[in-house]
Amino acid sequence: MWSSPISVGLRLQILYWALGPLELGLNELLRASSLCLDKALRARAHTLIAQFPIVFIVEAGDGNSIIAAPLLTLPTQIMEIGEKGNQWEISTVAENGNEAPGSDTVNDVKKRCWDQREALPGEPHCVICGRYGEYICDETDDDICSLECKHTLLCRVAKSRLPVGLSPPTRLPTTDECFYIKDNDEKVDSKSLTNDQTELLRTKLKINVRGDLVPAPVLSFNSCNLPQKLLDNIEAAGYEMPTPVQMQAIPAALVGKSLLVSADTGSGKTASFLVPIISSCSKLNQEKFSNQIKPLSIVLTPTRELCIQVEEQAKLLGKGLPFKTALVVGGDPMAGQLHRINQGVGVIIATPGRLIDLLTKHDIELDSVSILVLDEVDLMLQRGFHEQVTQIFQALSRPQVLMYSATISKEVEKMASSMVKDINVVAVGKPNKPNGAVKQLPIWVESKKKKQKLFDILLSKQHFMPPVVVFVGSRLGADLLSEAVAVTTGIKTLSIHGEKPMKERREIIQSFLFGEVPVLVATGVLGRGIDLLGVRQVIVFDMPTSIKEYVHQIGRASRLGEEGSAIVFINEENKKIFPELVDILKSSGAPIPRELNSRYTKTTLPLGRDQKKRKHSS
Ligand SMILES: Nc1ncnc2c1ncn2[C@@H]1O[C@H](COP(=O)(O)OP(=O)(O)OP(=O)(O)O)[C@@H](O)[C@H]1O
């Protein structure tokens, strides 16, 4: 056991680095301070330790009494920070995943999750944290590692039994790949990372980058030279640390790179373009163009709902800064939108059709627009939107272009590169795959039995996890199904689709998010980008015709890596997407229904010799 006291009163910092086998000098380490005694942070840190070999370096806030040096030679250490009298005590509690020598907790029931060791291959895993599942929870018969995880498990079970309409679950910490850093004084200078270190960091964060001179990822919002007010707003929004896509995209966008970014649904892509926009606009407004009344940036999204949501987030992050927003969507009066733009705005958030309408009917100068964002870019470059987007693009004078989606194909990449020269590609995680936190449960259901199956699920205490979004393929279908659900099950249900007036759509989403209505039947209008906090279950009643839309729809069941589930109805009518669906299900480790498997095998396996002959002779 190694320990060292630090006098209370000194601000403590935890510096850490996912080192792997690499050895770095202290000066080369990323500097990142954080409130090390915060319980949630410690829990998260321990999760990180479970994933990577990490060195924790602890130093006092005055920067002098660095006690990290001896640790650098020990690549995997787990440190505990505790209070003793008026001293903080720091001790090694584990090394390389084993109990630390002298630990007296070996035979006791483990209290906390991080007291438990990693599970070896073949050993039982804790259903909550994945560590060694040393105990069995009597109430549920699940393997668990500690009292702490037992408590979490029982809370979850209790929550899943809550009656319909109660408040949505609280947020869990962000994904494990996220690093918590909150350095108050010292700025992390990513330029000081060597190429090898940058590569290592990107590998750890599953970031892939193509293009020239893309800056290294940052581990903290504080490292981005953002206006202090913006940093305050980020903190007030509860963003303790950047998500991986934000770590890479924010610094790259801030140096003016045009980007094509793909990352999982619910991984924080919106803030990764809003933060650079707000930063540049408010700096411009403050420093040079205090009287600037021309719009400085444009965000285009495919739906009104998404525009509203992006504007809300922009307002939240831009609060108190010289940065105004204008929402330009159909359904709201154009005069008000025009008036707002003429007052001078930092960003116009618009659907392409309405913006073109506004531009053709009124004289709006866009020559000051320096950033254009295409959210859900794969959809924006598809027929229907492509022409409008090109028209808007041509009205601008060579802006920096930031394009985002969870699904970006090679074809979209080609189109993006032909539209914008020297575009840099940033891909976080596995491209075009569903968010791994969403458990997919495909069920083979014949079309005429789908309604009954849905009612059964909604009436089942075990399977119904409100609030639930049910995705259907048509507007009429949405209305009819929502009515049928309400009548048959007695559960309050509403429908939402593009034919309903804007005001009504807003109210429906609100009552759903407030828990007044536990089931919402929606068309694709809610399929992309919408951040339905609290929704952990999606039912895909009508399988969309494209696998991309499927990935987006089931993505509504998880935000920032929180676990969710998607029950998916499939049958013969979806055969066009069987190959892609099977591929997605296989790569996600999801079960594949027998009927799907046999049909897929029939349609995709190369013909055997006999079959070929028969085919030839017929
Ligand atoms: N750094 C952060 N820390 C904590 N929460 C965050 C952070 N960044 C974003 N969020 C929250 O995470 C949620 C998901 O973010 P967002 O909607 O931007 O995801 P997305 O990647 O755009 O998803 P989709 O592909 O579904 O549109 C939002 O509620 C957002 O407020």
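Right above here is the structure, for reference.
Residues numbered from 1 in each chain as written. Predicted model: local features only at pLDDT ≥ 70, side-chain atom pairs only at ≥ 80, totals over all residues. Heavy atoms only, no water.

> Outline the overall build of the protein, supporting the account with residue identities and numerical values.
Summing up its helical and strand segments, the protein has 19 helices and 22 strands in all. Relative to its 618 residues, the protein shows a buried fraction of 52%. A sequence separation of at least 24 residues applies to 70% of the contacts in the protein between residues at least 6 apart. (Helix = DSSP H or I, 4+ residues; strand = E, 2+ residues; numbered from the N terminus. Buried < 20%, exposed > 50% of the residue type's maximum accessible area, 1.4 Å probe, protein only. Contact = heavy atoms within 4.5 Å.)

> Lay out the site of the ligand in plain terms, naming residues and giving numbers.
Near the ligand there are 23 residues, and of these Tyr239, Gly266, Lys269, Asp531 and Arg559 occur at the shortest range. Contacts to the ligand include glycine 268, whose backbone N or O atom sits 3.1 Å from an oxygen atom. Side-chain polar atom of arginine 559 to an oxygen atom of the ligand: 2.7 Å apart, as the coordinates give it. With the chains in place, 95% of the 640 Å² that the ligand exposes on its own is no longer accessible. The residue makeup of the shell around the ligand, split by class, is 6 nonpolar, 10 polar and 7 charged. (Near = heavy atom within 4 Å. Polar contact = N/O pair within 3.5 Å; in protein donor to acceptor, adjacent residues only side chain to side chain. Areas by Shrake-Rupley, 256 points an atom, 1.4 Å probe, with all protein chains shown as cover. Nonpolar A, V, L, I, M, F, W, Y, C, P; charged D, E, K, R; others polar.)

> An account of the side chain of glutamine 537 is needed here, citing residue identities and associated values.
Considering the arrangement of structural elements, one finds glutamine 537 in strand 21 (residues 537–540). For glutamine 537, the side chain forms a polar contact with the main-chain nitrogen of methionine 465, separated by 2.9 Å. Those residues within four positions of glutamine 537 in sequence are excluded, and the remaining contacts are His463, Phe464, Met465, Pro467, Val468, Val469, Ala557, Ser565 and Ile567.

> Describe the sheet that holds strand 20 (residues 519–522), listing the residues and the values that go with them.
Across the sheet, which stays open at both edges, the 6 strands sit in the order 17-22-21-18-20-19 with parallel pairing between neighbours. With one partner strand each, in any of the chains shown, strand 17 (438–444) and strand 19 (493–496) form the two edges of the open sheet. Strand-to-strand twist across the sheet, computed as the mean angle between neighbouring axes with direction ignored, equals 20 degrees. Across 4 bridges, the pairing between strand 19 and strand 20 is parallel. Opposite isoleucine 496, over in strand 20, you have alanine 522 as the bridge partner. (Pairing = 2+ DSSP bridges. Axes fitted to C-alpha atoms, helices over the stretch in contact; angles between N-to-C directions.)

> Give a description of the environment of proline 593 that names residues and reports values.
Looking at the element boundaries, proline 593 is found in the loop between helix 17 (578–588) and helix 18 (594–604). A relative accessible area of 11% places proline 593 in the buried class. Proline 593 sits 151 residues away from proline 442 along the chain, and the two C-alpha atoms are 6.7 Å apart. With residues up to four places along the chain from it excluded, the contact list for proline 593 reads Pro442, Ile443, Trp444 and Ile570.

> Kindly report on the side chain of serine 272, identifying the contributing residues and their values.
Take serine 272: it is sitting in helix 6 (residues 269–287). When sequence neighbours within four positions are dropped, the list of residues in contact with serine 272 reads Val245, Gln246, Ala249, Ile250 and Tyr404.

> Describe the packing of helix 13 (residues 450–459) against helix 14 (residues 475–489), listing the residues and the values that go with them.
One can describe the packing of helix 13 onto helix 14 by two numbers: an axis separation of 10 Å at closest approach and a directional angle of 50 degrees. As the angle between them shows, helix 13 and helix 14 are arranged oblique. Between helix 13 and helix 14 the crossing geometry is right-handed. Two secondary-structure elements touch here, helix 13 through Lys451, Leu454, Phe455, Leu458 and Leu459 and helix 14 through Leu481, Ala484, Val485, Thr488 and Thr489. When its residues are assigned to classes, the contact of helix 13 with helix 14 shows 7 nonpolar, 2 polar and 1 charged. (Parallel < 35°, antiparallel > 145°, perpendicular 65-115°, else oblique. Left-handed = near helix turned anticlockwise from the far one by under 90°.)

Geometric descriptors of this kind do not, in isolation, establish any biological role.
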